Amino acid sequence: MSFTYTIWFGIFGLLIGHAPGAVVGAVLGFIFDNLRHSQRRQATPEAGGFVGPLFTLLGAVAKSDGRVSEAEIAVAERLMTRMGLTAEQRAQAVASFNAGKQPEFDVTRTIAELRNWVGLRRDHAFPVLDVVIETVLSEGNPGPEKMSILRQLAFALRVSDMELMALMAMKGYAWNGGAGGSRQHYGNSGGYVPPQRAPQGPDPYAVLGIDRNADERTIKRAYRKLISEHHPDRLGDLPEDMRKRAESRASEINAAYDRVKEMRGFK
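What you are looking at is a predicted structure, and each value in this text was computed from that prediction instead of being measured.

### So, helix α11 (residues 240–264)
Turning to step 1, where the next piece is worked out: Given a rise of 1.5 Å per residue, 25 residues ought to cover 36 Å, and the 36 Å separating the end C-alpha atoms of α11 matches this to within 8%.
Turning to step 2, where the next piece is worked out: Those residues of α11 that fall on the buried side of the exposure criterion are Asp241, Met242, Arg243, Arg245, Ala246, Arg249, Ala250, Ile253, Ala256, Tyr257 and Val260.
Turning to step 3, where the next piece is worked out: Looking one or two residues past α11, glycine 265 carries a phi angle of roughly 80°, positive in sign.

Next comes the structure, spelled out in structure tokens:
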């Protein structure tokens, strides 16, 4: 539990009311710290609670274009191994993946389950999206069906198209979230443009989620926000694979920031 408010309220109380004020301030600060700690505990997802809905969604993504490829199955199997699932969890993952593959499967309920699991923890939304993106990109440039599900999930997890573009950029893909129609009718307007592998590597501006004309202050603020949200130490007891994914994203963010600083000439 953090005692940030306890300390600051105590100092403020000391300045305005000497010792008695410090005591009153520290007590008030402790109450605020305790409330914040309780809210965080309520917002922390249950470990392992995402396995079923996550693999169900992966199955739905894989089947959305009409067929499940060997590459998509390999992604799911590799994920089970890297996540260190128990025999029971692995059986659940396989059954869930197969359920998601069923014809006319509706992803709405599964996405709602993932949203409820993530809760208020945006830092837990990114590892979930990272895994789904891996399936979406497993065969190269994905079709509109896969991207439609991905965008629906991102929207449910309160992740914007700009942030989703940044996640795609970290994996070396360029994507314009504004192309191809609205979120609800994505791919039905005839203007769909799939994400494309960037031949020059990740675009540092896209990784940071900023415009190329952004000023130094905006760039630094975007970097601090991103590195905070993607820091692996925030993930608690999630599987080691998801922590490694966070480390990889943090590395991409740092590399992008260094490139932008070098191009712009600031420290």
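Now that the structure has been shown, we can carry on.
### Considerations on the pattern of salt bridges
Any two side chains of opposite charge can pair, given that their charged atoms come close.
Turning to step 1, where the next piece is worked out: Evaluated as defined, the whole model comprises 18 salt bridges.
Turning to step 2, where the next piece is worked out: Across the pair lysine 146 and glutamate 72 runs a salt bridge whose closest N-O atoms are separated by 3.2 Å. One end of the pair, lysine 146, is in helix α7 (residues 144–156); the other, glutamate 72, is in helix α3 (residues 70–82), and 74 residues separate them in sequence. Of the two residues examined, lysine 146 and glutamate 72, each falls in the buried class.
Turning to step 3, where the next piece is worked out: For arginine 122, the salt bridge is made with glutamate 163, and the minimal N-O distance between the two is 2.5 Å. Of the two residues, arginine 122 is situated in helix α6 (residues 122–136) and glutamate 163 in helix α8 (residues 161–170); the sequence distance between them amounts to 41 residues.
Turning to step 4, where the next piece is worked out: We classify glutamate 163 as buried; its relative accessible area is 17%.
Turning to step 5, where the next piece is worked out: Among the ionic contacts, a cluster of salt bridges with common partners joins Arg78, Arg82, Asp130, Glu134, Lys171, Arg245 and Arg249.

Procedures and definitions
Residues numbered from 1 in each chain as written. Predicted model: local features only at pLDDT ≥ 70, side-chain atom pairs only at ≥ 80, totals over all residues. Heavy atoms only, no water. Helix = DSSP H or I, 4+ residues; strand = E, 2+ residues; numbered from the N terminus. Expected span 1.5 Å × (residues − 1). Buried < 20%, exposed > 50% of the residue type's maximum accessible area, 1.4 Å probe, protein only. Salt bridge = Lys/Arg side-chain N within 4 Å of Asp/Glu carboxyl O.

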